[in-house]
Amino acid sequence: MNSHPVNASPEQILIVEPKADAIDLLAPLLNQYGFQVQQAFTGQMALVLAQTELPDAILLDFEMPDLNGYRICERLKANPQTRDIPILLIGSKQSGWDKVKAFKIGCADCITKPFEVEEMLARIQNQLKAYSSLKLLFAQNQMLVAEIRKRQEVEQALRLSEEKFSKAFRCCPNPMTITRLSDGTHIEINETFCELTGYIPEEVVGRSAQELSLWVKGQDRDRLFKLLEQSGVVRNYEFAFRTKYGAERMALLSAEIINLRGENCLLALSHDITERVKAEEALQQANQKLQRLATVDSLTQVANRLHFDQSLRDEWCRLTKEGLPIALILCDVDYFKFYNDTYGHQAGDACLQKVARTICRALKAPNHLAARYGGEEFAIILPAIAGDEAFQIAETIRLEIERLQIPHGKSLASEFVTLSLGVASTVPKDGFSPEVLIGVADLALYEAKNQGRNCAIAETYLN
């Protein structure tokens, strides 16, 4: 089939006629009906024009000077470029032509001279219509062939892609699953998933994670699907899962919604991080232990001096901004050196531990801090506490220590272990440091010792 455009306008007709007067008669007539006319006076000329111009129809006179109509028709039909062009053979009764032979060698129609104009035009239009349909059919066929070829290429590429994906899926060192999004049913799992969970494929495929109780926490699964609804993809989602034998492990999941054979599915890849999580938890516990060792007095288990100093600075800054008061209690175990000399250092350590526990029990607010200030001295930070209330807390602590009735035969203040306490309070302001408060509390403690010990003295610092 030639590549002449379908439904070209105007349609071209090649008149092959040796007589100029006949062409002069026929050409204007065809032009009048909207056809574009080409002329050939010999058979050779007709063969050249037909191949180069590709007309929509050929009116061929049987009696040509060089080649008769049969020969011309045969050669046109033998050429792939011109074989489909309809040929209307024109001949007179006297020329001795054979219409049957003409049809056998490929002529589309035969017109006998003299011809009726209307009849000739009808015959031409019939052939043009048939040829136009043929060209349209050919063009559609070419499009269909191209579409089939393209589809085959796409299918081939898809097959290759699926083969690559399938191979990657099977060989992936991480557990992978494909589940149906509508109901969570597993469609496919890889070998690594089976190794991690302890299941065999037949136990998983066709069942959902809920049926298998894979999720330790149902809320983790619900949150995952909420994230998927928002973006269609989730990366590095941490969750706990359960193996076939009930062991709980941790995994990091990356999942994405894909379309598989027209159905939305979830492609998920996970990484077992159980050992990493255990290592992180152990590290966190170690850090907490180190933090505790760095901030807690090892003997009494209350805050150490370093923690006290930092906490006092932090509370001072906070309360300065809020305009609230702060109180500080410094307390000293009376005649503790005599206690150690009399009962020994082990008894002295036990005594300090009892004192520290008693002080902590007397503090009610979570932000009240008891600390070992040094040796037998303790310090208590009371944020947002004014002088009178701080003094009452100090008295409560003193009385609770007395009630312990820890014998102290060498004390000059009592037959039992007692405390002397200095209380200082103020409203922190910019330009003053917490060391001022410590100095005032220390002076109050000194005064308590001068007054015979086993008492509390309070001072208010007005800055």
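Residues numbered from 1 in each chain as written. Predicted model: local features only at pLDDT ≥ 70, side-chain atom pairs only at ≥ 80, totals over all residues. Heavy atoms only, no water.

Asks: Just give me the short version of the packing of aromatic side chains, but keep the residues and values in it.
Replies: Any pair of aromatic rings gets described here by the distance separating the centres and the angle formed by the planes. All chains considered together, the criterion is met by 7 aromatic pairs. Feature note: the residues W215, F239 and F241 constitute an aromatic cluster, connected by ring pairs. Geometry around Y373 places R305 over its ring, the cationic atom sitting 3.9 Å from the centre. When the ring centre of Y335 is taken as origin, the NZ or CZ atom of R453, which lies over that ring, is 4.2 Å away. (Phe/Tyr/Trp six-rings, centres within 6.5 Å; stacked < 30°, edge-to-face > 60°. Lys NZ or Arg CZ within 6 Å of the ring centre and 35° of its normal.)

Asks: Go over the state of the cysteines with me, naming the residues and quoting the values.
Replies: By definition, a disulfide links two cysteine residues through a covalent bond between their sulfur atoms. Following the criterion strictly, the structure yields 0 disulfides and no others. The thiol of C107 is unpaired, and the distance to the nearest cysteine sulfur, on C73, comes to 3.5 Å. The thiol of C455 is not disulfide-bonded; the next cysteine sulfur, from C331, is found 12 Å away. (Disulfide = S-S within 2.5 Å.)

Asks: Report on the pairing of strand 1 (residues 12–16), specifying residues and quantitative values.
Replies: Within strand 1, 5 of the 5 residues are buried, leaving the element largely enclosed by the surrounding structure. Neither face of strand 1 is open: one carries Q12, L14 and V16, the other I13 and I15, and all of them are buried. Bridging between strand 1 and strand 2 (residues 36–40) involves 5 bridges; their strand directions are parallel. Each bridged residue has a counterpart across the sheet, and for I13 the counterpart in strand 2 is V37. With respect to chirality, the unit in which strand 1 leads through helix 1 (residues 20–32) into the neighbouring parallel strand 2 is right-handed. Here 4 bridges tie strand 1 to strand 3 (residues 57–61), and the two strands are oriented parallel to one another. Residue pairing across strands places L14 opposite I58, the latter belonging to strand 3. (Buried < 20%, exposed > 50% of the residue type's maximum accessible area, 1.4 Å probe, protein only. Helix = DSSP H or I, 4+ residues; strand = E, 2+ residues; numbered from the N terminus. Pairing = 2+ DSSP bridges. Right-handed = clockwise from strand over helix to strand, strands pointing away.)

Asks: Describe in detail empty space enclosed by the protein, supporting the description with residues and values.
Replies: Tallying each qualifying case throughout the model produces 1 cavity of 30 Å³ or more. Approximately 390 Å³ is the volume found for the largest cavity. In terms of lining residues, the largest cavity is bounded by 25 residues, among which T177, H186, A209, L214 and W215 are the most central. At the level of elements, strand 6 (176–180), helix 6 (191–197), helix 8 (209–212), helix 9 (218–231), strand 8 (233–242), strand 9 (248–260) and strand 10 (263–272) are the ones that each hand at least two residues to the lining of the largest cavity. Among the elements that take part in the lining of the largest cavity, strand 10 stands out by supplying 4 residues, more than any other. Residue composition of the lining of the largest cavity, grouped by class: 15 nonpolar, 8 polar and 2 charged. (1 Å grid on protein atoms, 1.4 Å probe; cavity = no way out; pocket = protein on both sides within 12 Å on 5 of 7 lines; lining within 4 Å. Points joined across faces, edges and corners; volume = space filled by probe spheres on them. Nonpolar A, V, L, I, M, F, W, Y, C, P; charged D, E, K, R; others polar.)

Asks: With reference to specific residues and values, describe the pairing of strand 3.
Replies: Most of strand 3 sits out of view: 5 of its 5 residues are buried. In strand 3, alternate side chains face the same way, and those of A57, L59 and D61 on one face and I58 and L60 on the other are all buried. As paired elements, strand 3 and strand 4 (residues 87–92) share 4 bridges and run parallel to each other. Its bridge partner lying in strand 4, L59 is registered against L88. At this point the chain moves from strand 3, through helix 3 (residues 69–78), to the parallel strand 4, and the crossover so formed is right-handed.

Asks: So what's going on with the sheet that holds strand 11 (residues 326–333)? Which residues, and what values?
Replies: Sheet strands pair by backbone hydrogen bonding; their relative direction is either parallel or antiparallel. Strand order in this open sheet of 5 strands is 12-13-11-14-15, and the pairing throughout is mixed. Of all the strands in the sheet, just strand 12 (369–374) and strand 15 (456–460) have a single pairing partner and so form its edges. Across the sheet, the axes of successive neighbouring strands diverge by a mean angle of 20°, strand direction being ignored. Sheet topology note: the strand 12/strand 13 (residues 377–383) ladder contains 5 bridges and is antiparallel. Its bridge partner being in strand 13, A370 is matched across the sheet by I380. Running at roughly 145° to strand 14 (residues 419–426), helix 15 (residues 434–450) makes contact with strand 11, strand 12, strand 13, strand 14 and strand 15 of the sheet. (Axes fitted to C-alpha atoms, helices over the stretch in contact; angles between N-to-C directions. Contact = heavy atoms within 4.5 Å.)

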